[in-house]
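# Report on the structure
Okay, here's what each chain looks like letter by letter:
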Amino acid sequence: MIRREGEAAKLVGIGPGLMTKESEENLNKAEQLSHQQRFEESLFYYNEALKDKNNLDAVLQVAALNSDRQAALSILQRTEKRGRELVNALLKEDCFVESSQYFGKFWTVIETRPYIRVLAAICDTSFLAGRVDLTVDTTIRMLRLAPTDEMSQRFDLGSHLSRLRRYAEALAFVQAWMGQEMISKRCGIIPSRHTGAPPPQGGTLALRRKNPKKEPFYTEDEEKDHEWGEAAFLYSAALASFKLWGNCPSAQQYLRLAVKVCPYIMVKILAKVPKPQTPSLADHKSVNGPQEAREYLYWAQDLWMKSSVWEWVNSRPDIKKYVLKNCCRPGCDAVETNAAQYQRCASCKKDAYCSPACQRADWKRHKPGCQAEMRAGQLQHAIDAGLFTL
């Protein structure tokens with residue numbers, strides 16, 4: 001299914017727009033059936049939901065069921081035009097010009113939320129259809145209309161720009177967002193993706209200037225204390241910097257910080273694990289955790305597998321110290337020589353061992369924590385599947 005919410009939207013509510021209550025109930029029932037892979041049963045409820053012309057979300061989900069990506073994209077583009085007309089009619093002005101009182105405030109006005117979700121669906125579908133240029137253009141339009149980016153599209157834009165070899169724009173964009181993070185931190189505000197002001201027009205103004213900073217972005221003290229940062233931004237910055245200037249100090253710094261905050265991504269890259277076939281389907285993802293790593297790898301892993309990029313990363317001992325695992329049995333000093341060399345515990349997927357003998361010997365110590373991890377994972381799976389709500 002096409003996502004109807006981003007990370008911030010989960011906190012503040014997705015907003016049904018102006019669809020009728022009956023139409024919304026039919027859509028929710030259809031989505032529940034689709035989530036359970038009962039697609040034929042879901043079609044009846046989608047058709048009922050589509051009777052309400054204001055229910056743009058129903059069109060999005062029907063498009064998602066279409067295996068022909070080009071056909072799905074055509075449906076979404078027609079829906080975008082309908083959504084634009086609907087927003088202007090509801091708010092009684094052209095909301096898409098910069099002089100409008102609503103420009104830059106989309107999503108905060110509930111009538112605009114279905115339209116923003118249409119744009120997010122176009123971003124994802126156009127990428128799958130091989131239209132990365134359209135993905136980039138639509139993401140930029142989204143960020144100008146809704147700079148706070150409740151649909152979390154900003155995390156993918158850097159890699160999309162790099163895919164088009166627009167490296168200067170990719171780096172300038174992520175620097176704009178990281179700059180806002182550092183302003184907050186210097187003011188004593190704890191960094192969070194859900195708080196603080198976004199850069200002007202969601203960072204898109206930086207794309208026009210195309211003049212990213214070449215010097216290291218953080219001071220030595222800031223890098224040392226840098227315990228939090230968006231992995232997608234840091235990885236995108238490292239890749240773009242390397243493509244622009246080679247193994248320069250800024251590329252090295254971005255890479256160190258990226259692997260520090262999210263080693264999961266680099267483990268998969270260095271181990272040459274096949275790219276995920278789908279993005280993360282989990283409704284709840286921990287910041288820089290395994291599910292967000294999967295999301296980034298889905299959009300960008302192939303960019304890192306290019307020989308020059310992979311060899312650059314693989315040649316750096318400072319990166320491998322975050323990636324190579326020690327055997328988890330106390331008293332064993334064995335360390336991996338290659339990423340993902342040691343087998344992880346099949347249950348918790350966390351502790352790694354150099355041999356079956358070490359794993360057996362450590363089971364008594366490992367068992368309580370392992371079982372707690374399994375229970376937490378089962379609970380999260382139930383929540384994601386809609387079997388349990390908090």
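The following refers to the structure shown. (Residues numbered from 1 in each chain as written. Predicted model: local features only at pLDDT ≥ 70, side-chain atom pairs only at ≥ 80, totals over all residues. Heavy atoms only, no water.)

Below, the discussion takes up the overall build of the protein. Helix and strand counts for the protein come out as 19 helices and two strands. A burial count over the protein gives 49% of its 390 residues as buried. The contacts in the protein between residues at least 6 apart in sequence include a share of 66% that link residues at least 24 apart. Carbon and sulfur atoms form 52% of the exposed surface of the protein, whose accessible area is close to 19,200 Å². (Helix = DSSP H or I, 4+ residues; strand = E, 2+ residues; numbered from the N terminus. Buried < 20%, exposed > 50% of the residue type's maximum accessible area, 1.4 Å probe, protein only. Contact = heavy atoms within 4.5 Å. Areas by Shrake-Rupley, 256 points an atom, 1.4 Å probe, with all protein chains shown as cover.)

Three- or four-residue spacings in an α-helix give side chains the same orientation, since the helix completes a turn every 3.6 residues. For helix H2 (residues 21-35), which comprises 15 residues, the first-to-last C-alpha distance of 21 Å matches the rise-based estimate of 21 Å (1.5 Å per residue) to within 8%. Of all the positions in H2, only Ser23, Asn26, Leu27, Ala30, Glu31, Leu33 and Ser34 are classed as buried. When H2 is viewed along its axis, its buried side chains cluster within an angular range of 160° and face the same direction. Exposed and facing more than 90 degrees away from the buried side of H2 are Lys21 and Glu22. Tucked into the core, H2 has its buried residues touching helix H3 (39-50) and helix H4 (56-64). Backbone geometry just downstream of H2 places Gln37 in the positive-phi region, at approximately 65°. (Expected span 1.5 Å × (residues − 1). Arc of directions from axis to C-beta.)

What follows deals with a nonpolar patch on the surface. A cluster of nonpolar side chains, Phe39, Leu43 and Leu65, forms an exposed patch at the surface whose accessible area comes to about 250 Å². Secondary-structure assignment places Phe39 in helix H3. Phe39 sits in the partly exposed class, given a relative accessible area of 39%. (Patch = residues over 30% accessible without salt bridge, like charges linked within 9 Å, V, L, I, M, F, W, Y side chains within 5 Å. Salt bridge = Lys/Arg side-chain N within 4 Å of Asp/Glu carboxyl O.)

Shape is all these values report; function is a separate question.
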